[in-house]
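The chain contents come next:
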Amino acid sequence: MSSWWVTAEIYHEIIDCLVAALEAKDPYTKGHSTRVADLAYELGGKAGLREEALEDLHLAAHLHDIGKIGIPDGILNKNGPLLPEEQTIIREHPVIGYQILGQSSQLRHLAEIILYHHERWDGLGYPLGLKGEAIPFSSRIIAICDAVDAMSSARPYRKPLSPEECWRELRANRGRQFDPALVELLPELPLFQRAIDHALPSRPSAETAVTGRLQTVAALSAKRARAHAG
Ligand SMILES: [Fe+2]
Ligand SMILES: [Fe+2]
């Protein structure tokens, strides 16, 4: 059996390369993947995920939109709302992402998470229309964090929502678009407060979240190395 061993840090760097490839094609989403990943890490931790499950959530959140690599530039970078037929095409990105990551036995479990990041709690999402707890827990977390970042970011054709509008929107969609229990946890997250606070000039990753994640990575690396040695 092959003796190669990829550390969690290298694994993460490879994922950063994939995300950079997407951001080169779609510069408008620059930073989106990282912000969603950091917020998902915080929400996942608050919701009780630990160790591998939390790290997998973080990596999957980084990669959640990787399937947009397969979407034509004219649609991806369109300076305005999408036509219905363009929406149909862009809605293929979770399946494209699933197919890309499914190529790797090391990333296949992340492919499952990103396949469902546009499902809705009420079953009206895509690609499969899964409902409620049938949607993988990590996918439900990414769905909320993705929406928070979309609402709190400017688009060429609209301003970011105010903190009040953002919170109203999230609460109005509890049990419709989002897992209601997860929405309730958001106000306790420092990164959520920062995401919706437009008074801040920039929204870098919270040092606490990054430090916490690095500690998890170090602990996982040590654990996997011990398992590998044994
Ligand atoms: Fe997406
Ligand atoms: Fe996204």
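From a predicted model like this one, the values you see are computed outputs, not experimental measurements. (Residues numbered from 1 in each chain as written. Chains lettered and ligands numbered in written order. Predicted model: local features only at pLDDT ≥ 70, side-chain atom pairs only at ≥ 80, totals over all residues.)

Participant: An account of the overall build of the protein chain is requested, with residue identities and associated values reported.
Facilitator: The number of helices and strands found in the protein chain is 12 helices and zero strands. Beginning at the N terminus, the succession of helices and strands in the protein chain can be written as α-α-α-α-α-α-α-α-α-α-α-α. When burial is assessed residue by residue, the protein chain has 34% of its 230 residues classed as buried. Relative to all contacts within the protein chain whose residues are 6 or more apart in sequence, the contacts with residues 24 or more apart total 66%. (Helix = DSSP H or I, 4+ residues; strand = E, 2+ residues; numbered from the N terminus. Buried ≥ 20, exposed ≤ 12 C-beta atoms within 10 Å, placed from the backbone. Contact = placed C-beta atoms within 7 Å.)

Participant: Any chance you could break down the nonpolar core for me, citing the residues and the numbers?
Facilitator: The nonpolar side chains of a soluble globular protein tend to be buried with one another. In this structure, Ala40 and Cys145 are the most contacted members of the largest nonpolar core, which totals 46 residues. If we skip the residues at most four places from it in the chain, Cys145 touches Val36, Leu39, Ala40, Leu43 and Ala61. (Core = buried A, V, L, I, M, F, W, Y, C linked by C-beta atoms within 7 Å.)

Participant: Lay out the environment of Asn79 in plain terms, naming residues and giving numbers.
Facilitator: By the element assignment, Asn79 lies in the loop between helix H4 (73-76) and helix H5 (84-90). On the basis of neighbour count, Asn79 is assigned to the exposed category, with 8 C-beta atoms found within 10 Å. As for Asn79 and Pro156, which are separated by 77 residues in sequence, their C-alpha atoms are 6.2 Å apart.

Participant: Now, about the packing of helix H2 (residues 32-46) against helix H8 (residues 137-152): what can you tell me, with residues and values included?
Facilitator: Orientation of H2 relative to H8, taken along the N-to-C sense of each, is 130°, at an axis distance of 9 Å. As summarised for this structure, H2 and H8 are arranged oblique, according to the angle between their axes. Of the two elements, H2 crosses H8, and the hand of that crossing is right-handed. Where H2 approaches H8, its residues His32, Arg35, Val36, Leu39, Ala40, Leu43 and Gly44 are matched on the opposing element by Ser138, Ile141, Ile142, Ile144, Cys145, Asp146, Val148 and Asp149. Its residues assigned to classes, the contact of H2 with H8 comprises nine nonpolar, three polar and three charged. (Axes fitted to C-alpha atoms, helices over the stretch in contact; angles between N-to-C directions. Parallel < 35°, antiparallel > 145°, perpendicular 65-115°, else oblique. Left-handed = near helix turned anticlockwise from the far one by under 90°. Nonpolar A, V, L, I, M, F, W, Y, C, P; charged D, E, K, R; others polar.)

Participant: Can you tell me about the environment of Asp56, naming the residues and giving the values?
Facilitator: Secondary-structure assignment places Asp56 in helix H3 (residues 51-62). In the structure, Asp56 is positioned 53 residues away from His109 in sequence and 8.2 Å away in space, judged by C-alpha atoms.

Participant: So what's going on with H2? Residues and values would help.
Facilitator: If you check H2, its first and last C-alpha atoms are 21 Å apart, about what 15 residues at 1.5 Å a residue would give, namely 21 Å. Of all 15 residues making up H2, 11 are buried, and the element is well covered by its neighbours. Taken together, the buried positions of H2 are Ser33, Arg35, Val36, Ala37, Asp38, Leu39, Ala40, Tyr41, Glu42, Leu43 and Gly44. After H2 finishes, the residue Gly48 shows a positive phi value of roughly 105°. (Expected span 1.5 Å × (residues − 1).)

Participant: So, unusual backbone geometry: which residues are in play, and what are the values?
Facilitator: Among all residues save glycine, negative phi is the norm, and among peptide bonds the norm is trans. Note that the residue after Tyr126, namely Pro127, is joined by a cis bond; omega there is 10°. Here Pro127 shows up in the loop between helix H7 (108-115) and H8. With a phi close to 45°, Glu51 is a non-glycine residue in the positive phi region. Looking at where Glu51 falls in the secondary structure, it is placed in helix H3. The exposure class assigned to Glu51 is exposed, which follows from the 11 C-beta atoms found within 10 Å.

Participant: Let's hear about the packing of H3 against H7: which residues, and what values?
Facilitator: Remark: H3 packs on H7, axes separated minimally by 9 Å, with the N-to-C direction vectors making an angle of 65°. With respect to the hand of their crossing, H3 and H7 are arranged in right-handed fashion. Together, Asp56, Leu59 and Ala60 of H3 and His109, Leu110, Ile113 and Ile114 of H7 make up the contact between the two elements.

Participant: Please set out the environment of Val95 residue by residue, giving values where relevant.
Facilitator: Note on placement: Val95 falls in helix H6 (residues 93-101). Taking C-alpha positions, Val95 is 5.8 Å from Leu115, a pair spaced 20 residues apart along the chain. Non-local contacts of Val95, meaning those with residues more than four positions away in its chain, are made with Gly67, Leu115 and Pro127.

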